[in-house]
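Report on the structure
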Amino acid sequence: MVNGETKFFYKSDSLIMVANELTNHMECPLPLRRTFSLMREFGFETIFVEFTECHKNHSGDNKIITPCVENTCGKRFESCKDYIRLLEQHYECLFISKKCYRISFFNEIITDEKSLCNKTDSNLLAYCILHRDKYRKGEEVKRNQYVTESTISVRERRRNFYLSGNQITNATIAGKNFQIKGHYFSQQNDITNCCSQASIKMALRGFYRELTAEQINKLIGNDHKKNKGNRGLNPTEFKSAISKLEKIEVEVFDGLMIGPWEFAKIIYHAVESRFPVILLFSHPKEKKGNPDKWKIEGHATALIGHTFNNSNWWSYGWISYFSSLKPTFKYLPSVLWCDNFVIQDDNMGPYYRIPVSSLRVTNISSKFPPWAKLAVKAIKKDFLRYIIPFSYWPVYALIMSPAKSVDLRNCIQIENYALEHLFQYINKSVLSTIYEPTWNRQFSELLIYFMNEKMLVARTFAIRKCEYIDYFGEAYRNENMEEILTSLEIHLKSEYIWLTEISVPELFWVNKKKIGDIVCEPYKFPEQKKQLVKFIRIPSHYCFFFEDFTIERDSFKERDSRYPLVSPECNKCFI
């Protein structure tokens, strides 16, 4: 393609041919290949490509001619200029050229730009921006190809995706403004930025919309002179950099110090709360030419959601067939239906699934030096962190939450205590009294039956108090609604609450509905765990548990005892 040219491709064209034409044959970056694969799955019909090239005039004044323009790269065109400047000033490279492609995917056949301008937002499946850089380092001419940004709209075929951080992105295509709702993706250029900056941008994009790699470099302390932009970060550095952003708190969870089950469950609670998560992996890598020598490398990915497997047999199997487990588990955590986490991997591409089971700490002790092997044998696992560097253990999770909201370190215990309180309350105040609900009796019977069978389903997440009250007022329309809403507003003191939704198996995974709520205040644990639960609602029954306010009501009228699960929308919680 020549500078300023546009071109159409179609579903009938070979995508391999398209990739080769755009990216110097077999050097197509993996994220672009992944995007092509997703577009084939989502049913694209047309690909529209806009092309711009900028290069230097080395014959004369050595200035850049045909600079990167806003029409192709959007707001990133200024970043292109900064990148070219840094390349020559601090990375000992001589810039030669940069080719920029805006690639847009539509679900209808479009034959010309006039027809394209008549299309609506619903026709745009995705867009991405591809850069192809050419520069000289020493005597070697190098080429670098990467997807600077993309947004893909997840279509109905992926209904089992539960994703956070969704945002609306403005895209100018052939002079027409489109809006697309999806998840931001960005690939490192491996010179002025690396997976650290890419993962932070992708994880926080729905919360800090204008966060750039340049701003992240400042947070990290990369000046491109002493500290290069492509250096990786350890978990402590990640936490220190992100904590400099306003209204945000960061916790680091170590896959060695926490058991695999608890580690996955903490991540799951964060994802259900729609909080940003970054997964950090360490892995051994053999040094080139010497298989006996190895080094530890790291990689960071943004975790944006999870998939829901409503046919997961194990969720019931461990209760129904493995009776030895019954005394241990008194309910079914909803994480049992979570089979994958969804990640954005800047090396591989967007919307990949990582099996929950893969987050078990991988044993790479065979690569340990002799002193580390002795430490592993002689010292209990919980103390290894004091001796063995973090890089010898391959998985961490950085979880970001609004300042002064909830303490994610307590989320596992919160759910256990909430269910324990519910069971005590039902046994003491419901079953021990003449409780004859006059409305929706069948759901009260289901609640008691599945509680006795240790098969109640519990889903716990953090949500803003005001958001829960709004939801409650809309969903729970009954004769006592105003009284309940007023009591929640007055007596819940925290801006955020822990909400545990109670359901029964088929109702949960088929209908996505529940029959009860447990509200917990976030900072009552562990010091005041007896006062943790503040509100319980079960079919035709509710009760408040405040120090200065306790009220109980049964047999109140409801339209229905099945209510939709809450989907917290806290995309603005950091701003």
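Residues numbered from 1 in each chain as written. Predicted model: local features only at pLDDT ≥ 70, side-chain atom pairs only at ≥ 80, totals over all residues. Heavy atoms only, no water.

Another point: the overall build of the protein. Each helix and strand counted, the protein has 16 helices and 24 strands in total. The buried share of the protein, reckoned over its 575 residues, is 56%. Of the roughly 25,900 Å² of accessible surface on the protein, a fraction of 50% belongs to carbon and sulfur atoms. (Helix = DSSP H or I, 4+ residues; strand = E, 2+ residues; numbered from the N terminus. Buried < 20%, exposed > 50% of the residue type's maximum accessible area, 1.4 Å probe, protein only. Areas by Shrake-Rupley, 256 points an atom, 1.4 Å probe, with all protein chains shown as cover.)

Model confidence for the protein is summarised by a mean pLDDT of 82, while 79% of its residues fall at 70 or above. Across the protein, strand β18 (residues 496-503) holds the top mean pLDDT of 95, while helix α11 (residues 370-378) sits lowest at 55. Per-residue pLDDT stays below 50 along residues 363-367; that stretch engages in eight contacts with residues further than four places along the chain or on separate chains. Low pLDDT, under 50, characterises residues 382-392; the predicted model gives this stretch 33 contacts beyond four residues in sequence or across chains. (pLDDT = per-residue confidence, 0-100. Contact = heavy atoms within 4.5 Å.)

Moving on to the nonpolar core. Among the nonpolar cores identified, the biggest contains 69 residues, and I267, L332, W337, F341, L422, L456 and I518 are the most heavily contacted of them. Looking at which element gives the most residues to this core, the answer is helix α12 (residues 411-430), with 10 residues. Counting 57 residues, the second largest nonpolar core, distinct from the first, contains F42, Y101, L233 and Y351. (Core = buried A, V, L, I, M, F, W, Y, C linked by side-chain atoms within 4.5 Å.)

Turning next to the packing of aromatic side chains. With the rule as written, the count across this model stands at 19 aromatic pairs. Centre to centre, the rings of F544 and F546 are 6.0 Å apart; their planes meet at 25 degrees, and the pair counts as stacked. F546 gets classed as buried once you look at its relative accessible area, which sits at 5%. By the ring-pair criterion, three or more aromatic residues cluster together here, those being Y468, Y471, F472, F535, Y542, F544 and F546. Residue placement shows R34 over the ring face of Y352; its charged tip is 4.0 Å from the ring centre. Over the ring of Y91 we find K228, and its NZ or CZ is 4.7 Å from the ring centre. (Phe/Tyr/Trp six-rings, centres within 6.5 Å; stacked < 30°, edge-to-face > 60°. Lys NZ or Arg CZ within 6 Å of the ring centre and 35° of its normal.)

Applying the stated criterion across every chain yields a total of 14 salt bridges. With a shortest N-O distance of 2.5 Å, E21 and K7 are connected by a salt bridge. Residue E21 is located in helix α1 (residues 15-22), and its partner K7 is located in strand β1 (residues 6-10); the two are separated by 14 residues in the primary sequence. E21 sits in the partly exposed class, given a relative accessible area of 32%. Between K465 and E489 there is a salt bridge, with the nearest N and O atoms lying 3.8 Å from each other. Note that K465 is positioned in helix α14 (residues 465-475) and E489 in helix α15 (residues 481-491), a separation of 24 residues in sequence. Since its relative accessible area comes to 12%, K465 is described here as buried. Relative accessible area serves as the criterion here: at 42%, E489 is assigned to the partly exposed category. Sharing partners across several salt bridges, the network here consists of E272, R274, R459, E501, K514 and D517. (Salt bridge = Lys/Arg side-chain N within 4 Å of Asp/Glu carboxyl O.)

Turning to the pairing of strand β14 (residues 338-345), a few remarks are in order. In terms of residue burial, β14 counts as a mostly covered element, since seven of its eight residues are buried. Sheet topology places β14 next to strand β15 (residues 349-355); five bridges connect them, and they run antiparallel. From the neighbouring strand, I343 faces β15, where its bridge partner is Y352. Between the end of β14 and the start of β15, which pair antiparallel, lie three residues. (Pairing = 2+ DSSP bridges.)

All right, on to the environment of C195 then. In this fold, C195 is placed in helix α6 (residues 195-204). Given the relative accessible area of 10%, C195 is considered buried. For the pair C195 and G232, spaced 37 residues apart in the sequence, the C-alpha separation amounts to 7.5 Å. The contacts of C195, once residues within four sequence positions are left out, are Q188, H299, A300 and D346.

Right, let's get into the side chain of H299. Here H299 is to be found in strand β12 (residues 290-308). A polar atom in the side chain of H299 sits 2.7 Å from the side chain of D345. (Polar contact = N/O pair within 3.5 Å; in protein donor to acceptor, adjacent residues only side chain to side chain.)

What follows is about unusual backbone geometry. For K247, which is not glycine, the phi dihedral falls at a positive 60 degrees. In this fold, K247 is placed in the loop between α8 (235-242) and β10 (248-254). A positive phi angle is found at K404, which is not glycine, with a value near 60 degrees.

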